[in-house]
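What follows is each chain in one-letter form.
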Amino acid sequence: MNRQSLPVSQRIALLVQALDGAEKTNKALATCADGEAMVQILLGASAKLGLGLTRRDLMETPPIRDWIWFKSNDPLVTVGDAKPRYRQESVDDKPRRKFLGLF
């Protein structure tokens, strides 16, 4: 079966399945500076798998679209501090942001 003849959503699903457990690719994706670097890695993975995905396919189709967005932007809502506690230098450096005045 020609993978390139499948609908984009099915080709994205095949890419996601291939990335599950691909340690080297996952490390590369995790260390990317931004979404553009992620797209380059994902395009390479798509080419190796013969999926024929384009930059536009990756940028517009979930869940890859969401991964790229979150890598390039801050989340819409955070609960508590912007950094997790284990990554903060000192808790007393800046006042905590409050969520609905509760925390």
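Note: the structure precedes this text.
Quick caveat, the model's predicted, so the values are computed rather than measured. Along every chain, residues carry numbers that run from 1 in the direction the sequence is written. Residue-level local features of this predicted model are given only where pLDDT is at least 70; pairs of side-chain atoms are given and counted only at 80 or more, and the full residue set underlies all totals for whole chains, interfaces and linings. To get the side-chain values, take all heavy atoms of the structure and skip hydrogens and water.

### Observations regarding the environment of A45
With respect to the helices, strands and loops of the structure, A45 is situated in helix α3 (residues 35-49). Measuring from C-alpha to C-alpha, the distance between A45 and L15 comes to 7.6 Å, with 30 residues separating the pair along the chain. For helices the rule is a DSSP run of H or I covering at least 4 residues; for strands it is a run of E covering at least 2, with both sets numbered from the N terminus onward.

### A closer look at the nonpolar core
To form a nonpolar core, buried Ala, Val, Leu, Ile, Met, Phe, Trp, Tyr and Cys residues must be joined to one another through side-chain atoms within 4.5 Å. Accessibility here uses a 1.4 Å probe with only protein chains present; expressed as a share of the type maximum, an area under 20% marks a residue as buried, one over 50% as exposed, and anything in between as partly exposed. In terms of nonpolar packing, the biggest core is built from 14 residues, with L15, L42, L53, L58, I64 and I68 touching the most fellow members. Listed by contribution, the elements that provide at least two residues to this core are α1 (8-19), α3 and α5 (64-72). Only heavy atoms enter the contact rule, under which two residues are in contact if any of them lie within 4.5 Å. Apart from the residues within four sequence positions on either side, L42 is in contact with L15, L19, L29, L58, I64 and I68.

### Overview of the environment of I64
Tracing the backbone shows I64 in helix α5. Aside from chain neighbours lying at most four places away, what touches I64 is I12, L15, V16, L42 and L58.

### Side note on the packing of α3 against α5
It is the contact of α3 with α5, at a shortest axis distance of 8 Å, that shows an interaxial angle of 145°. Counting all contacts with α3, which are made through G35, M38, V39 and L42, the residues of α5 involved are I64, W67, I68, K71 and S72. Gly is put with the polar residues, along with every residue not named as nonpolar or charged; the nonpolar set is Ala, Val, Leu, Ile, Met, Phe, Trp, Tyr, Cys and Pro, and the charged set is Asp, Glu, Lys and Arg. Here the residues of the contact of α3 with α5 sort into 6 nonpolar, 2 polar and 1 charged. Inter-axis angles, ranging from 0 to 180 degrees, are taken between N-to-C directions of lines fitted to C-alpha atoms, where helices are fitted over the stretch in contact.

Geometry only, nothing functional implied.
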